[in-house]
Amino acid sequence: MPSRVLENLADLFSALSHPNRIRIVQALATAERDVTELHSSLELSQSYVSQQLSVLKNSGLVKVRREGHHAYYSLRHDGLPKLIDQGLDLVEEDIARARELEKVIGAVRNH
């Protein structure tokens, strides 16, 4: 695989490497939103949401549509929520394995 493709993939994951950016992507999965809506629904400051949207926009994950004085953000790729869901599946599997391991260790220690 060409190194530029791998660099682009790494950039995509880097842009998603913050929990609040993932929350923003999840909020945008259902509808286009402006900063005020996101700040209110996510209970984050408006300036912080703007900063995180800038990261997502610069990475090519989010697009902006301007209407008068308002800027509305949406996802550039319909598959992005599915990617996040797949990542959550991996995390949930890891958590389940860790819990099973804790049970085994607990049983061994009790004998």
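So, here is what we can say about the structure in this document.

1. Focus: the environment of Pro2
- Tracing the backbone shows Pro2 in the segment before helix H1 (3-15).
- Owing to a relative accessible area of 53%, Pro2 belongs among the exposed residues under this scheme.
- Residues Pro2 and Leu38, spaced 36 residues apart in sequence, show a C-alpha to C-alpha distance of 37 Å.

2. Let's talk about a nonpolar patch on the surface
- Taken together, the side chains of Met1, Val5, Leu6, Leu9 and Phe13 present a nonpolar region at the surface, about 510 Å² in accessible area.
- In this fold, Leu6 is placed in helix H1.
- Its relative accessible area of 42% is what places Leu6 among the partly exposed residues.

3. A short note on the pattern of salt bridges
- Following the criterion strictly, the structure yields seven salt bridges and no others.
- In this structure, Glu32 and Arg65 form a salt bridge, with 2.6 Å as the shortest nitrogen-oxygen distance. In this pair, Glu32 is assigned in the loop between helix H2 (19-28) and strand E1 (33-34) and Arg65 in strand E2 (residues 62-67), connecting sequence segments 33 residues apart.
- For Arg65, a relative accessible area of 35% gives the class partly exposed.
- Between Glu37 and Arg33 there is a salt bridge, and its shortest N-O distance comes to 3.9 Å.
- The exposure class of Arg33 is buried, given its relative accessible area of 19%.

4. Quick notes on the sheet that holds E1
- In spatial order, the strands read E1-E3-E2; together these three strands make up an open sheet with antiparallel pairing. The sheet is open, and its two borders are formed by E1 and E2, each paired with just one other strand.
- Pairing between E1 and strand E3 (residues 70-75): two bridges, direction antiparallel. Residue Asp34 lies in a different strand from E3, and its bridge partner there is Tyr72.
- Where H2 meets the sheet, it contacts E1, E2 and E3, and its direction lies at approximately 90° from that of E3.

5. Observations regarding the pairing of E3
- Burial runs high along E3: five of the six residues are buried.
- Pairing geometry for E2 and E3, over six bridges, is antiparallel. Bridge assignment links Val64 to a residue of E3, and that residue is Tyr73.

6. Comments concerning H2
- Taken together, the buried positions of H2 are occupied by Asn20, Arg21, Ile24, Val25, Ala27 and Leu28. The arc that holds every buried residue of H2, seen down its axis, measures 160°, which confines them to one face.

Scoring rules and cut-offs
Residues numbered from 1 in each chain as written. Predicted model: local features only at pLDDT ≥ 70, side-chain atom pairs only at ≥ 80, totals over all residues. Heavy atoms only, no water. Helix = DSSP H or I, 4+ residues; strand = E, 2+ residues; numbered from the N terminus. Buried < 20%, exposed > 50% of the residue type's maximum accessible area, 1.4 Å probe, protein only. Patch = residues over 30% accessible without salt bridge, like charges linked within 9 Å, V, L, I, M, F, W, Y side chains within 5 Å. Areas by Shrake-Rupley, 256 points an atom, 1.4 Å probe, with all protein chains shown as cover. Salt bridge = Lys/Arg side-chain N within 4 Å of Asp/Glu carboxyl O. Pairing = 2+ DSSP bridges. Contact = heavy atoms within 4.5 Å. Axes fitted to C-alpha atoms, helices over the stretch in contact; angles between N-to-C directions. Arc of directions from axis to C-beta.

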